[in-house]
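# Observations on the three-dimensional arrangement
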Amino acid sequence: EPEVTQTPSHQVTQMGQEVILRCVPISNHLYFYWYRQILGQKVEFLVSFYNNEISEKSEIFDDQFSVERPDGSNFTLKIRSTKLEDSAMYFCASSRQGSGQPQHFGDGTRLSIL
Amino acid sequence: EDQVTQSPEALRLQEGESSSLNCSYTVSGLRGLFWYRQDPGKGPEFLFTLYSAGEEKEKERLKATLTKKESFLHITAPKPEDSATYLCAVPRSNDYKLSFGAGTTVTVRA
């Protein structure tokens, strides 16, 4: 069964450094998302991406964050200057359509900021 | 504001002891309610979509039902491998983002 894959599974970075998290969504899906989950808290939405542009972003997704789909298969999340509070699990998800369609998640990247 | 609330927070069951999890939601114009299973250190794994009140979906020992204000996930004769955190999520009323509940952590003892 097709699945969303994310790399790396764990990233350790010094505060202030840039980090790029990578995702390969399911191949025939058109909508892409990033979520994060701080330890012990809810899964929370960061950004959605469709037709090569951001369609929705949360208040968490400030100027330090950016997303890109550099080719037909990869979808990346960049954090320009990491802060301690960026430590979390970051999940990529994709869906075939937007509204009303289930989103399928990868197993996440655990980001640890030192 | 759209909200999703799950109860209980944790559920400890003996193998074979059936139980139910609750997800209540407040969102105008429901466009689907999704149940996911999350194992420790993993991403949410999609289980079911429910679209309208009265709808039911089943998968092995799990059955999800939906009313106008809440959804239930029934676990019948659970096994230890059913131990996980079960999440429900709804799309927000005016866009595609999912709002997740905090989850119910189910532990099934042999």
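One structure accompanies this document, and this report is about it. (Residues numbered from 1 in each chain as written. Chains lettered and ligands numbered in written order. Predicted model: local features only at pLDDT ≥ 70, side-chain atom pairs only at ≥ 80, totals over all residues. Heavy atoms only, no water.)

Turning to the sheet that holds strand 6 (residues 56-59) of chain B, a few remarks are in order. Residue and element names in this part refer to chain B. Taken in spatial order, the five strands line up as 1-3-8-7-6 in an open sheet, and their pairing is antiparallel. Of all the strands in the sheet, just strand 1 (3-7) and strand 6 have a single pairing partner and so form its edges. Pairs of neighbouring strands in the sheet enclose a mean axial angle of 15°, with direction left out of account. In this structure, strand 1 lies alongside strand 3 (residues 19-26), joined through five bridges in antiparallel fashion. Residue pairing across strands places Thr-5 opposite Ser-24, the latter belonging to strand 3. (Pairing = 2+ DSSP bridges. Helix = DSSP H or I, 4+ residues; strand = E, 2+ residues; numbered from the N terminus. Axes fitted to C-alpha atoms, helices over the stretch in contact; angles between N-to-C directions.)

Let us look at the nonpolar core. Residue and element names in this part refer to chain B. With 23 residues, the main nonpolar core has Leu-21, Leu-33, Trp-35, Leu-73, Tyr-86 and Val-106 as its most contacted residues. Those elements that place two or more of their residues in this core are strand 2 (10-14), strand 3, strand 4 (33-38), strand 5 (45-50), strand 7 (62-66), strand 8 (70-75), strand 9 (84-91) and strand 11 (104-109). The biggest single contributor to this core is strand 9, with four residues. The contact partners of Val-106, leaving out residues within four places of it in the chain, are Leu-11, Leu-13, Leu-21, Ile-75, Asp-82, Ser-83, Ala-84 and Tyr-86. (Core = buried A, V, L, I, M, F, W, Y, C linked by side-chain atoms within 4.5 Å. Buried < 20%, exposed > 50% of the residue type's maximum accessible area, 1.4 Å probe, protein only. Contact = heavy atoms within 4.5 Å.)

A few words now on the state of the cysteines. As enumerated under the stated definition, the model contains two disulfides over all chains in all. Shown here is the disulfide that connects Cys23(A) with Cys92(A), its sulfur atoms set 2.0 Å apart. Taking the sign of the S-S torsion, about -65° here, the bridge from Cys23(A) to Cys92(A) comes out left-handed. One end of the pair, Cys23(A), is in strand 3 (residues 19-24); the other, Cys92(A), is in strand 9 (residues 88-95), with 69 residues separating them in the sequence. The exposure class of Cys23(A) is buried, given its relative accessible area of 1%. Residue Cys23(B) pairs covalently with Cys88(B) via a disulfide, S to S 1.9 Å. (Disulfide = S-S within 2.5 Å.)

This next bit is on the side chain of Gln38(B). Mapped onto the secondary structure, Gln38(B) falls in strand 4. When its relative accessible area of 9% is taken as the criterion, Gln38(B) is described as buried. Reaching out from Gln38(B), the side chain makes a polar contact with the side chain of Gln37(A) at a distance of 3.0 Å. Among residues more than four places away in sequence, those in contact with Gln38(B) are Gln37(A), Phe91(A), Gly43(B), Pro44(B), Ala84(B), Thr85(B) and Leu87(B). (Polar contact = N/O pair within 3.5 Å; in protein donor to acceptor, adjacent residues only side chain to side chain.)

Let us now look at the sheet that holds strand 1 (residues 5-7) of chain A. Residue and element names in this part refer to chain A. One open sheet holds the four strands; their spatial order is 1-3-8-7, and the pairing between them is antiparallel. In the strand order of this sheet, the two ends are held by strand 1 and strand 7 (65-68), each with one partner. When strand polarity is set aside, the average angle formed by the axes of neighbouring strands in this sheet is 20°. Pairing geometry for strand 1 and strand 3, over three bridges, is antiparallel. Across the sheet, the residue bridging to Thr-7 is Arg-22, located in strand 3.

Once their charged atoms are close, side chains differing in charge can pair, the charge on each being opposite to the other. All names here are of chain B. With the rule as written, the count across this model stands at six salt bridges over all chains. The closest approach of N and O atoms between Lys-57 and Glu-55, which form a salt bridge, is 3.5 Å. Overall, the relative accessible area of 29% leaves Lys-57 in the partly exposed class. Taking relative accessible area as the criterion, Glu-55 reaches 19% and is therefore assigned buried. (Salt bridge = Lys/Arg side-chain N within 4 Å of Asp/Glu carboxyl O.)

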